[in-house]
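Descriptive analysis of the structure
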Amino acid sequence: MSDWSDRQPGPAPGAKGEDPFDGDAVVAVEEPGRSPLRLLVSSQSIEVGRDCSGVLLSDPQVSRRHISMRSTRGGVEVRDLGSANGTLFGEIPLNGPRLLGEGDAVRLGSTVVRLLACPSEDRRGARSPRSGRGLATATSIDLVAAAALDGPRPDVNLLAGDGGTLTIVFSDIEQSTQRAVQLGDERWLELLGAHNSIVRRHVSRQGGTEVKAQGDGFLLSFSSARRGLRAMVDVQRALAAHARSRPADSLRVRVGIHTGEVTIAEDGDVFGRHVILASRIAGAARGGEILASALVHELLEPHAEFVFAAPRRVELKGLDGAQLVHPVRWDR
């Protein structure tokens, strides 16, 4: 990232470049301490910030809604959304829309967003905040799983928890796109902020770690199945209480939880089959439901702290055979 700040500003939106982009483009989001995330950017505007409806960053210098991006002929148009610390194109503050050409980048806080040089090749494996593969509809769980799993594998394993055994949790809001359209941007962002605060508060209380956050989806880790399930039961109960007081702002969150041996990179990302399994279990959950894997059920069922409903068998994407999952009765 040493040469990006020496670049001159790119052409204004609508200007013709030597190698214009046509259709979707791919950007790399380079956040300190995390593996780079490649995103597919379409003509529909997406937001980047610490608490927005698009790409979530943990950089403390980034505003809640920092920039928006959309693909256009010639590159990717970037706008600053009135951020507190501003956005830099080279050494020049971003005022108004700016078109990123091939290899150009902007800096927001300590994070760099760079337009990759060859969209036709770089779009392979890139993920869109609105789609998991191409233009097909996907959920925040798919995007968060992709962010955790698609990066380079670590050379050094820093194991945490019980000898590398962690409880992995995925969550997202059911039908979040439809809810955003119903409520409008301002109310949706307010509601999304309340949801994110509830999740983070209860994860912190149980000593959990926020590994990844994307849109309305979270990838979390805990040192034990009991702590992980406690946190998500408390999240569901807090969201239910919020819905009772404000019925028009109700949210239904689906959760998947699994325990297994994982690889933890130096930057905190988690990898491995058990991470994939946890994401698939979350994908099979219904709104307002916590689904536990058979192993989590086996670990916690003998204790009276949690109540499990009748199990069901589900086909999980990419895994052979039906898997037994156990709904958790958090409302009791």
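Because the structure is predicted, anything quoted here is derived from the model rather than measured.

On a plain count of helices and strands, the chain comes out with 7 helices and 22 strands. In the chain, which comprises 332 residues, the share counted as buried stands at 50%. Taking contacts inside the chain between residues at least 6 apart in sequence as the whole, the part at least 24 apart equals 64%. In the structure as shown, the chain presents an accessible area of about 15,300 Å², 46% of it carried by carbon and sulfur atoms.

Taken in spatial order, the 5 strands make up an open sheet running β4-β3-β5-β6-β9, and their pairing is mixed. The sheet is open, and its two edges are formed by β4 (55–56) and β9 (98–100), each paired on a single side.

One pass over the full model with this rule turns up 14 salt bridges. One salt bridge connects Arg 246 with Asp 249, and the closest N-O pair in it is separated by 2.7 Å. For Arg 312, the salt bridge goes to Glu 289, with nearest N and O atoms at 2.9 Å. Residue Arg 312 is located in strand β21 (residues 312–315), and its partner Glu 289 is located in the loop between α6 (273–284) and β20 (290–293); the two are separated by 23 residues in the primary sequence. Residue classification places Arg 312 among the buried positions, given a relative accessible area of 18%.

This part covers α6. Along its 12 residues, α6 runs 17 Å from first to last C-alpha, staying within 8% of the 16 Å computed at 1.5 Å per residue. Of all the positions in α6, only Val 275, Leu 277, Ala 278, Ser 279, Ile 281 and Ala 282 are classed as buried.

It is worth spelling out the sheet that holds β20 at this point. Within the open sheet, the 7 strands sit side by side as β15-β16-β14-β17-β20-β22-β21. Their pairing is mixed. Each edge of the open sheet is held by one strand with a lone partner, namely β15 (209–214) and β21. Each strand axis lies, on average, 30° off the axis of its neighbour in the sheet, ignoring direction. One ladder, built from 3 bridges, connects strand β17 (residues 253–261) with β20; its direction is parallel. Within β20, the residue paired with Gly 256 across the bridge is Leu 291. The sheet contacts of α6 involve β14 (165–173), β17, β20, β21 and β22 (322–327), and relative to β17 the element is tilted by about 155°.

A packed helix pair is summarised by two numbers, namely the angle formed by the two axes and the spacing between the axes. Taken N-terminus to C-terminus, the directions of helix α3 (residues 176–183) and helix α4 (residues 185–205) make an angle of 130°; their axes are 6 Å apart at the nearest point. Viewed along their axes, α3 and α4 adopt a mutual orientation that is oblique. Here α3 and α4 pass one another in a crossing that is right-handed. Here α3 contributes Ser 176, Arg 179, Ala 180 and Leu 183 to the contact with α4, which in turn contributes Asp 185, Arg 187, Trp 188 and Leu 191. When grouped by side-chain class, the residues that make up the contact of α3 with α4 number 4 nonpolar, 1 polar and 3 charged.

Within the largest apolar cluster, 36 residues are counted, with the highest numbers of intra-cluster contacts made by Trp 188, Leu 220, Leu 229, Met 232 and Ile 290. Going through the elements one at a time, β14, α3, α4, β16 (217–222), α5 (225–245), β17, β20 and α7 (294–300) are the ones with two or more residues in this core. Among the elements that take part in this core, α5 stands out by supplying 8 residues, more than any other. Those residues in contact with Met 232, other than ones at most four positions away along the chain, are Val 169, Ser 171, Leu 220, Val 255 and Ile 290. In terms of nonpolar packing, the next biggest core, distinct from the first, is built from 22 residues, Val 62, Val 76, Val 78 and Phe 89 among them.

To continue, consider the confidence of the model for the chain. For any part of a model where pLDDT is low, the fine detail of the predicted coordinates should not be relied upon. Residue-level pLDDT values for the chain average 78, and 75% of them are 70 or greater. The model gives residues 1–22 a pLDDT under 50, and that stretch makes 46 contacts with residues more than four places away or in other chains. A low-confidence stretch, residues 130–138 stays under pLDDT 50, and its non-local contacts, those more than four residues away or across chains, total 13 contacts.

So, about α4. Over its 21 residues, α4 extends 30 Å from the first C-alpha to the last, a length consistent with the 30 Å expected when each residue adds 1.5 Å. Where α4 is concerned, the buried positions are Trp 188, Leu 189, Leu 191, Leu 192, Gly 193, His 195, Asn 196, Ile 198, Val 199, His 202 and Val 203. Gly 207 sits one or two residues past α4 and shows a positive phi near 70°.

In this section: the pairing of β14. Burial analysis of β14 places 8 of its 9 residues in the buried class, the great majority of the element. Inspection of the sheet shows β14 paired to β17 by 9 bridges, in the antiparallel sense. Its bridge partner being in β17, Ile 173 is matched across the sheet by Val 253. Sheet topology note: the β14/β16 ladder contains 5 bridges and is antiparallel.

What counts as what
- Residues numbered from 1 in each chain as written.
- Predicted model: local features only at pLDDT ≥ 70, side-chain atom pairs only at ≥ 80, totals over all residues.
- Heavy atoms only, no water.
- Helix = DSSP H or I, 4+ residues; strand = E, 2+ residues; numbered from the N terminus.
- Buried < 20%, exposed > 50% of the residue type's maximum accessible area, 1.4 Å probe, protein only.
- Contact = heavy atoms within 4.5 Å.
- Areas by Shrake-Rupley, 256 points an atom, 1.4 Å probe, with all protein chains shown as cover.
- Pairing = 2+ DSSP bridges.
- Salt bridge = Lys/Arg side-chain N within 4 Å of Asp/Glu carboxyl O.
- Expected span 1.5 Å × (residues − 1).
- Axes fitted to C-alpha atoms, helices over the stretch in contact; angles between N-to-C directions.
- Parallel < 35°, antiparallel > 145°, perpendicular 65-115°, else oblique.
- Left-handed = near helix turned anticlockwise from the far one by under 90°.
- Nonpolar A, V, L, I, M, F, W, Y, C, P; charged D, E, K, R; others polar.
- Core = buried A, V, L, I, M, F, W, Y, C linked by side-chain atoms within 4.5 Å.
- pLDDT = per-residue confidence, 0-100.

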